[in-house]
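# A closer look at the structure
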Amino acid sequence: MIRQWKKIIDQVLKNTDFRLKNDKRVNPAFLFAVMLWYPVTEHAEKLSQEGGLAYYDAFALAMNDILDEQCRSIAIPKRITTTMRDIWQLQLRLPRRQGRRANKLMEHPKFRAAFDLLELRANVERRNELQELAVWWDEYQRSNNTKQREMIAELGSAPVRKRHRPRKSSSSAHKPNKNQGS
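Residues numbered from 1 in each chain as written. Predicted model: local features only at pLDDT ≥ 70, side-chain atom pairs only at ≥ 80, totals over all residues. Heavy atoms only, no water.

### Focus on the overall build of the protein
Counting its regular elements, the protein contains nine helices and zero strands. What you see in the protein, going N to C, is helices and strands ordered as α-α-α-α-α-α-α-α-α. In the protein, buried positions account for 32% of the 182 residues. Here the contacts in the protein between residues at least 6 apart in sequence split such that 56% fall between residues at least 24 apart. Total accessible area on the protein stands at roughly 13,100 Å², and carbon and sulfur atoms take up 48% of it. (Helix = DSSP H or I, 4+ residues; strand = E, 2+ residues; numbered from the N terminus. Buried < 20%, exposed > 50% of the residue type's maximum accessible area, 1.4 Å probe, protein only. Contact = heavy atoms within 4.5 Å. Areas by Shrake-Rupley, 256 points an atom, 1.4 Å probe, with all protein chains shown as cover.)

Structure, rendered in structure tokens:
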């Protein structure tokens, strides 16, 4: 993870130099979000494994912990930490593109920053599913409405993992149903 962390920081700093040379804006929230991405995910995995938390809950706690730790060392304004949280949370939502989700995600004010982080991660991590996701979002953004609908429809034909619902406790299974006669 340390190697990935160094690679992503090197890449974001190169990209930032390029943007500055071309008189483009640089968002400090994006830089912080990139630099702290791997510490957040590493901490989230640890919290999830040790605490038995669902990853999404562990991720929320990890964001808080990492930001608290950073704010003890440097002053990061709330407007920046809010943007960082948005970028990080969108990383968890970007893989879910079915139905209207893709368009809703693109309407998010921090979508572009989240997409840029996704691309950086795909280049650094070299995982096929991450690279395919980045390519899909790149194409989706550049496509017209008809092509976007086709892309969503193609996702619907791919196998979808079923979400398991928690089972009812055995004590509630034996309670009589109110609609049934006693």
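### With respect to the environment of Leu 133
In this fold, Leu 133 is placed in helix α7 (residues 128-142). Every residue in contact with Leu 133, bar those within four places of it in the chain, is listed here: Leu 94, Pro 95, Arg 97 and Leu 118.

### Focus on the nonpolar core
The nonpolar side chains of a soluble globular protein tend to be buried, and buried together. By size, the foremost hydrophobic cluster in this structure holds 28 residues, and its most contacted members are Ile 8, Phe 30, Phe 59, Met 84, Trp 88 and Leu 117. In terms of residue count, helix α2 (residues 28-51) provides more of this core than any other element does, ten residues in total. Membership of the second largest hydrophobic core comes to 18 residues, among which are Ala 114, Leu 118, Trp 136 and Met 151. (Core = buried A, V, L, I, M, F, W, Y, C linked by side-chain atoms within 4.5 Å.)

### Examining helix α4 (residues 78-93)
Taking 1.5 Å per residue as the helical rise, α4 with its 16 residues ought to reach 22 Å, and the 22 Å between its terminal C-alpha atoms agrees with that figure. When we look at burial in α4, the residues that qualify are Ile 80, Thr 81, Thr 83, Met 84, Ile 87, Trp 88, Leu 90, Gln 91 and Leu 92. For α4, the secondary structure elements touched by its buried residues are α2, α3 (55-73), α5 (101-107) and α6 (111-125). (Expected span 1.5 Å × (residues − 1).)

### Brief notes about the side chain of Thr 83
Position of Thr 83 relative to the elements: it lies in helix α4. Among all residues touching Thr 83, those that are not within four sequence positions of it are Asn 27, Ala 29 and Lys 110.

### Concerning the pattern of salt bridges
In total, this model carries six salt bridges according to the counting rule given. Put simply, Arg 121 and Glu 125 hold a salt bridge, and the shortest N to O gap is 3.6 Å. Placement of both Arg 121 and Glu 125 in helix α6 is noted, with a separation of four residues, approximately one turn of the helix. Grouping residues by exposure puts Arg 121 and Glu 125 together as buried. (Salt bridge = Lys/Arg side-chain N within 4 Å of Asp/Glu carboxyl O.)

### Concerning the confidence of the model for the protein
A residue-level look at the protein finds 85% of positions with pLDDT of 70 or above and a mean pLDDT of 87. For the protein, the element scoring lowest by mean pLDDT is helix α9 (residues 170-173), at 42; α4 scores highest, at 97. Counting contacts from residues 160-182, a segment whose pLDDT is below 50, to residues more than four positions away or on other chains yields zero contacts. (pLDDT = per-residue confidence, 0-100.)

### Some thoughts on the environment of Met 151
Looking at the element boundaries, Met 151 is found in helix α8 (residues 145-157). Take Met 151: its relative accessible area is 3%, and that puts it in the buried class. Residues Met 151 and Trp 136, spaced 15 residues apart in sequence, show a C-alpha to C-alpha distance of 8.5 Å. Excluding anything up to four places from it in sequence, Met 151 contacts Trp 136, Glu 139, Tyr 140 and Ser 143.

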